[in-house]
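These are the residues of each chain, in order.
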Amino acid sequence: MKNIYQELIAVFNMKMRARYLIRGRSLKIFIRSMLPSLLLFSALLSAIIPVMSIYYGVKAVIPYLTESFGIMICVLLGLSSLALLLFSFMVRLYNKAELFSLSDPLQCKGSTFFSFTQTVRYIKCRFIIFVLRCTWALVFFSPAFITAGFTAFQLIYSGEMIKSIFITLFALTVLLFIGGAAFYFTVMGRYFLADYLMLISPIQPAKEVVSSSVLSLQGKLLSLAFIRLRLIPLKILSALMFFLPYYRAFLKLLIVMTAEKLYGRRLNENKTAPVVFYISRKSVFSLL
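Calculation criteria
- Residues numbered from 1 in each chain as written.
- Predicted model: local features only at pLDDT ≥ 70, side-chain atom pairs only at ≥ 80, totals over all residues.
- Heavy atoms only, no water.
- Helix = DSSP H or I, 4+ residues; strand = E, 2+ residues; numbered from the N terminus.
- Contact = heavy atoms within 4.5 Å.
- Areas by Shrake-Rupley, 256 points an atom, 1.4 Å probe, with all protein chains shown as cover.
- Axes fitted to C-alpha atoms, helices over the stretch in contact; angles between N-to-C directions.
- Parallel < 35°, antiparallel > 145°, perpendicular 65-115°, else oblique.
- Nonpolar A, V, L, I, M, F, W, Y, C, P; charged D, E, K, R; others polar.
- Phe/Tyr/Trp six-rings, centres within 6.5 Å; stacked < 30°, edge-to-face > 60°.
- Buried < 20%, exposed > 50% of the residue type's maximum accessible area, 1.4 Å probe, protein only.
- Salt bridge = Lys/Arg side-chain N within 4 Å of Asp/Glu carboxyl O.
- Core = buried A, V, L, I, M, F, W, Y, C linked by side-chain atoms within 4.5 Å.
- Expected span 1.5 Å × (residues − 1).
- Patch = residues over 30% accessible without salt bridge, like charges linked within 9 Å, V, L, I, M, F, W, Y side chains within 5 Å.
- pLDDT = per-residue confidence, 0-100.

Undergrad: Just to check I follow, could you spell out the overall build of the protein chain for this structure?
TA: Scanning the protein chain from N- to C-terminus turns up eleven helices and two strands. Secondary structure elements in the protein chain, listed N-terminal to C-terminal, are α-α-α-α-α-α-α-α-α-α-α-β-β. Contacts in the protein chain between residues at least 24 apart in sequence constitute 70% of all its contacts with a sequence separation of at least 6. As displayed, the protein chain has an accessible area near 17600 Å², and 72% of this comes from carbon and sulfur atoms.

Given below as structure tokens:
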């Protein structure tokens, strides 16, 4: 009971501190958070003509230009699409670094990560996490989809099914899906600290960042799942137009503070850091 009370007090203190830090900054943080999405949308728009030209030919897509000039336009649009995509990741990483430095002024500033090298490192990290998430989704949701597919196949093939069997299979599909979703949501917490670890160790390779996040959160996934569940109402508010600017900034900063708290708690428990800090390409050290 005492631990629960202390946890509630800690959460309350984090919320109060987050509100204090974003005072007068919420609109600025919100506008910055929207910029990567706008850049990504612009990248997708720029890619439409080059992609269509690959499938249908340049003359079919741009009939009023000569073929050579049309090819040049497609190449330029393709290059601009890649540049906008890269810049969207760069700005996203910069925004994360600025939020972390807002919470902890001793952390690296956003300008440290506003570079091509750091952006490529960030893209690698997100790609690794994306592949892992897809793999876990396949593991946890495949039983439900297999059961649903078997039920649908039997209905299509035979044209009928005993009512009790159909109800049993339907209920089993729903239970497997809910169970899979619960396990998936919990296991995805393994990568919650990836952004934080990437920012406190700017030279650590992306693969090691993901491994460090998994190691840091061993035995913490269930408690982290409850913390993430408590953030869902804030995510809903941050999606509503009237509350959007304030709660988007508030939620992002609260996630930053949660990562700091989880990593700090792990350090206190183990007396060692599950992450290696790279000073240069020839020397490393880890916290004790």
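Following the structure, the description resumes.
Undergrad: Which parts of the structure should I look at to understand the packing of helix α4 (residues 67–103) against helix α5 (residues 116–158)?
TA: Between two packed helices, the angle of one axis relative to the other and the distance separating the axes together describe the packing. Contact geometry for α4 and α5: axes closest at 9 Å, N-to-C directions at 90°. Our classification of the angle between α4 and α5 gives roughly perpendicular. Where α4 approaches α5, its residues Leu86, Phe89, Met90, Arg92, Leu93 and Lys96 are matched on the opposing element by Phe116, Gln118, Thr119, Tyr122 and Ile123. Its residues assigned to classes, the contact of α4 with α5 shows seven nonpolar, two polar and two charged.

Undergrad: So what exactly am I meant to see when it comes to the side chain of Thr119 here?
TA: Tracing the chain through its elements places Thr119 in helix α5. If sequence neighbours within four positions are ignored, Thr119 has contacts with Leu86, Phe89, Met90, Leu93 and Phe113.

Undergrad: Would you mind going over the packing of aromatic side chains with me for this structure?
TA: Here a ring pair, both rings aromatic, is described through the centre-centre distance and the interplanar angle of the planes. Summed over all chains, the structure comprises twelve aromatic pairs. The interplanar angle of 85° and the centroid separation of 5.2 Å between the aromatic rings of Tyr246 and Tyr247 together place this pair among those described as edge-to-face. When the ring of Tyr246 is compared with that of Phe250, the centres are 6.0 Å apart and the planes differ by 10°; the resulting orientation is stacked. Placement of the pair is Tyr246 and Phe250 together in helix α11 (residues 244–270), with a separation of four residues, close to one helical turn.

Undergrad: I'm lost on the environment of Ala83 in this one. Help?
TA: On the secondary structure map, Ala83 appears in helix α4. Using a relative accessible area of 43% as the deciding quantity, one classes Ala83 as partly exposed.

Undergrad: Could you clarify how one ought to interpret the pattern of salt bridges in this entry?
TA: Where side chains of opposite charge bring their charged atoms close, a pairing between them can arise. If you walk through the whole model with that rule in mind, you get three salt bridges. Here Arg32 makes a salt bridge to Glu98, at a shortest N to O gap of 3.7 Å. Residue Arg32 is found in helix α2 (residues 26–56), and its partner Glu98 is found in helix α4; the two are separated by 66 residues along the sequence. Overall, the relative accessible area of 22% leaves Glu98 in the partly exposed class. With a shortest N-O distance of 3.1 Å, Arg126 and Asp195 are connected by a salt bridge. Taken as a pair, Arg126 in helix α5 and Asp195 in helix α7 (residues 194–200) lie far apart in primary sequence, 69 residues in all. One network of salt bridges, in which partners are shared, links Lys96, Arg126 and Asp195.

Undergrad: Would you explain the nonpolar core in this entry?
TA: General note: in soluble globular proteins, nonpolar side chains tend to be found buried as a group. Core analysis: the biggest nonpolar cluster contains 45 residues, and Cys125, Leu193 and Leu253 have the highest contact counts within it. Looking at this core, the element that brings in the most residues is α11, giving eleven residues. Discounting residues that sit within four places of it in the chain, Leu193 has contacts with Ser213, Ser216, Leu217, Ala259, Leu262 and Tyr263.

Undergrad: Would you take a moment to explain the packing of helix α6 (residues 163–187) against helix α9 (residues 221–230) for this structure?
TA: With their axes 8 Å apart at the nearest point, α6 and α9 run at an angle of 100° to one another. In terms of axis orientation, α6 runs roughly perpendicular to α9. Contacts between α6 and α9 involve Phe185, Thr186 and Val187 on the former and, on the latter, Leu221, Leu222, Ala225, Arg228 and Leu229. For the contact of α6 with α9, the class distribution of residues is six nonpolar, one polar and one charged.

Undergrad: I would appreciate a short explanation of the side chain of Ser46 in the present structure.
TA: In this structure, Ser46 sits in helix α2. If near-sequence neighbours (up to four positions away) are discounted, Ser46 is found in contact with Leu77, Ser80, Ser81 and Leu84.

Undergrad: What should I look at first to understand α6 in this one?
TA: Each α-helix turn comprises 3.6 residues. Residues three or four places apart therefore point the same way. With 25 residues, α6 ought to run about 36 Å at 1.5 Å a step, and its terminal C-alpha atoms sit 36 Å apart, in line with that. Within α6, the full set of buried residues consists of Leu169, Thr173, Gly180 and Val187. Looking at the buried positions of α6, the neighbouring elements they touch are α5 and α9.

Undergrad: Mind showing me how you'd approach the environment of Phe127 here?
TA: For Phe127, the location among the structural elements is in helix α5. For the pair Phe127 and Ala206, spaced 79 residues apart in sequence, the C-alpha separation works out to 9.5 Å.

Undergrad: Looking at this model, I keep getting lost on a nonpolar patch on the surface. Mind explaining?
TA: Side chains of Phe41, Leu45, Ile48, Ile49, Val51, Met52, Ile54, Tyr55 and Tyr56 sit close together on the surface and give an oily, nonpolar patch of about 990 Å² of accessible area. Summarising the element assignment, Phe41 is placed in helix α2.

Undergrad: Help me understand the confidence of the model for the protein chain in this model?
TA: Detailed reading of predicted coordinates is not advised where the pLDDT is low. Here the protein chain averages 82 in pLDDT, and 89% of its residues register 70 or above. When mean pLDDT is taken per element in the protein chain, helix α8 (residues 206–216) scores highest with 91 and strand β2 (residues 283–286) scores lowest with 44. Here residues 281–288 is a poorly scored stretch, pLDDT under 50, and it has 14 contacts once near neighbours within four places are set aside; other chains count.

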